[in-house]
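Reading the structure
Below are the chains, spelled out letter by letter.
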Amino acid sequence: MDVVIEIVNFSAYYGDKQVVRDVSMKIFRNKITAIIGPSGCGKTTLLRSINRMNDHLPGFRVEGKIFFEGQDVYASNLDVTEYRKKVGMVFQKPTPFPMSVYDNVAFGPRIHGIRDKRLLDQIVENALRRAALWDEVKGELHKPATQLSGGQQQRLCIARALAVEPEVLLLDEPTSALDPISTQKIEMLLEELSEYYTIVIVTHNIAQAVRIADYIAFMYRGELIEYGPTRDIIERPKHKLTEEYLTGKIG
Amino acid sequence: MKRDLVLSQVFRIVSYVVFSIILLMFVLVILGGIRYFSMSFFMEYPRNNMREGGIFPAILGSFYLMVLTFIVAVPLGVFTGVFLSEWENFFTKWIDVSLTSLSGIPSIVYGLFGLAFFCVALGFGTSMLAAALTLSLMTLPVIASATKETLKAIPVELREAAYALGATKIEVIFKVLIPAAKRGIVTAVLVGGGRALGETAPVLLTGAVFYSTFLPRSVFSPVMTLPTHIYYIMMAYGEKAQWMARATAAFLLIVVAIIYSLAFYLRRREHGRSH
Ligand SMILES: Nc1ncnc2c1ncn2[C@@H]1O[C@H](COP(=O)(O)OP(=O)(O)OP(=O)(O)O)[C@@H](O)[C@H]1O
Ligand SMILES: [Mg+2]
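Residues numbered from 1 in each chain as written. Chains lettered and ligands numbered in written order. Predicted model: local features only at pLDDT ≥ 70, side-chain atom pairs only at ≥ 80, totals over all residues.

Describing the overall build of chain A
Within chain A one finds ten helices and ten strands. Relative to its 251 residues, chain A shows a buried fraction of 43%. (Helix = DSSP H or I, 4+ residues; strand = E, 2+ residues; numbered from the N terminus. Buried ≥ 20, exposed ≤ 12 C-beta atoms within 10 Å, placed from the backbone.)

As for the pairing of strand β7 (residues 168–172) of chain A
All names here are of chain A. Within β7, five of the five residues are buried, leaving the element largely enclosed by the surrounding structure. Burial along β7 is two-sided: Val168, Leu170 and Asp172 and Leu169 and Leu171, pointing in opposite directions, are all buried. Sheet topology places strand β6 (residues 87–90) next to β7; four bridges connect them, and they run parallel. Bridged to Gly88 within β7 is Leu169. Bridge count for β7 against strand β8 (residues 198–202) is five bridges, and the pairing is parallel. Its bridge partner lying in β8, Asp172 is registered against Val202. The parallel pair β7 and β8 is bridged by helix α7 (residues 180–193), and the resulting crossover is right-handed. (Pairing = 2+ DSSP bridges. Right-handed = clockwise from strand over helix to strand, strands pointing away.)

Quick notes on the site of ligand 1
All names here are of chain A. As a structural note, the neighbourhood of ligand 1 is formed by Tyr14, Val19, Gly37, Ser39, Gly40, Cys41, Gly42, Lys43, Thr44, Thr45, Leu57 and His204. With three residues, the single largest contributor to the shell around ligand 1 is helix α1 (residues 43–50). Class assignment of the residues belonging to the shell around ligand 1 gives a composition of four nonpolar, seven polar and one charged. (Near = placed C-beta within 6 Å. Nonpolar A, V, L, I, M, F, W, Y, C, P; charged D, E, K, R; others polar.)

A few points about the nonpolar core
Ranked by internal contacts, the top residues of the largest apolar core, which has 142 residues, are Ala159(A) and Ile143(B). The element contributing the most residues to this core is helix α6 (residues 128–153) of chain B, with 15 residues. (Core = buried A, V, L, I, M, F, W, Y, C linked by C-beta atoms within 7 Å.)

So, the interface of chain B and chain A
Bring the parts together and some accessible area is lost; that lost area is often taken as the interface size. Taken together, the contact between chain B and chain A spans 16 residues of the former and 21 residues of the latter. Of all the elements in the fold, those that place two or more residues in the side of chain B that touches chain A are α7 (156–164) and α8 (169–198) of chain B. When residues in the side of chain B that touches chain A are grouped by element, the largest group, six residues, is from α7(B). Residues belonging to the side of chain B that touches chain A are distributed by class as follows: nine nonpolar, two polar and five charged. (Contact = placed C-beta atoms within 7 Å.)

With respect to the packing of helix α4 (residues 90–102) of chain B against α6(B)
All names here are of chain B. Orientation of α4 relative to α6, taken along the N-to-C sense of each, is 130 degrees, at an axis distance of 9 Å. As judged from the angle between their axes, α4 and α6 are oblique. When you trace α4 past α6, the crossing you get is left-handed. The segment α4 lies against α6, with Leu99, Thr100 and Leu102 engaging Pro141, Ala144 and Ser145. (Axes fitted to C-alpha atoms, helices over the stretch in contact; angles between N-to-C directions. Parallel < 35°, antiparallel > 145°, perpendicular 65-115°, else oblique. Left-handed = near helix turned anticlockwise from the far one by under 90°.)

A word on unusual backbone geometry
All names here are of chain A. Unusually for a residue other than glycine, Asp22 sits at a positive phi of about 50 degrees. Relative to the assigned elements, Asp22 resides in strand β2 (residues 17–28). Using a count of 14 C-beta atoms within 10 Å as the deciding quantity, one classes Asp22 as partly exposed.

Below is the structure:
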């Protein structure tokens, strides 16, 4: 199978504190990979290490390697801004910019040099359609994005990420701030998107991981305890910790 | 519990007293001058030793001076604020502390500095330019620290969202942070402008002329302004000219009050929105 991201003996530290311990895993193309585990186990840190969002945090450093399509992500000659175009990210809290719906989605294409109005219109529409938001906002593209509902804002953030045509979409608990209906919409959306994109999602919600993920990675205290197809992890966990977490004994 | 209640009553009474005094000042100044308002008061030049006519050149002079001050202070202040907020290091911390202490310097000292530096050393003479530069020096810290504070208050998630789209630091600053901080910056500009409009001492020393029958022809001309006009009348003219000082004071107070209300309104909307 086609590997998009390969994580090799990867460790991450905040100062002296090691929060990701020697993790190795392969992330497959056009699959949904869920990272689960108790609070503080290093899920967010690992996810943000993939698109180098932790670089600016004081005291942050890494060991080991992450490869994106064979390219060493932490190589000193990597153009980080160019790389982040290929690896989009959606955060836990919706983060619409204080500008119109249209300008939010057009933000990425614009900073990457697209000026043509018709082309931008097309990109914005496509991205909003893919994010299953077009029908709800097509009449009010120029209203402030902050006036959308929380669920709409989160789908807008997905659309905004899609507008730069990434290959990978990283999502950090994208539904934890949303109501059940918005959550369901986003889950359905992610399943559709996995046809075109490789998706990595961090979630606290085991049921959610089971519903949408093709692969599940279970982390505990910075270590990757178990990783494999969702079925295998759920039905035949090899590790005692995994079983205890899935049955709610730890967490 | 009981002490809290007593204390809160004390605070309430004190704040009412303070508010009443301020209100009284407003009412007295405005009532004292508003009855002299007329078309000719706003549109004409002063005549007959300030006993007749209007304050048109002072209104225009104050307006020009404020615009010129903004042209210098707004870009410089905003850039300084961005620099202080987005490049935190020993050097910017040091600038930050100096800026804060700048706002504690009495305005007459700015005036003396402006006189020595802009008028004399740089040879601008008593001119609108020298006065505007002096006023810019005074408003710049206000704009810079407000810009800095507004930028600092922008959640880190918003910056990260922009970085995650492949934006560079410069793009994040110009396309996300400054637009997001726009209202805060405009508020600071208004507050700074309101202060600059009312400043008297620095303008007296650097750019004011007490009477002018023509409008400033260039930035090197001296200007009449509203506050210095009041000052000159009070100092040099007789009883018959007092009405003009009162009317000018009322007008100045109304303008400043409008500017501050606008600033206050924008600030409240700013806060209302972020929730
Ligand atoms: N910026 C930081 N500086 C120092 N320590 C941090 C920082 N961010 C996270 N940590 C610590 O690193 C550890 C892992 O944090 P991380 O956010 O990756 O966990 P998580 O699995 O995402 O947790 P949660 O499920 O609560 O989001 C935690 O112990 C946390 O306290
Ligand atoms: Mg997390």
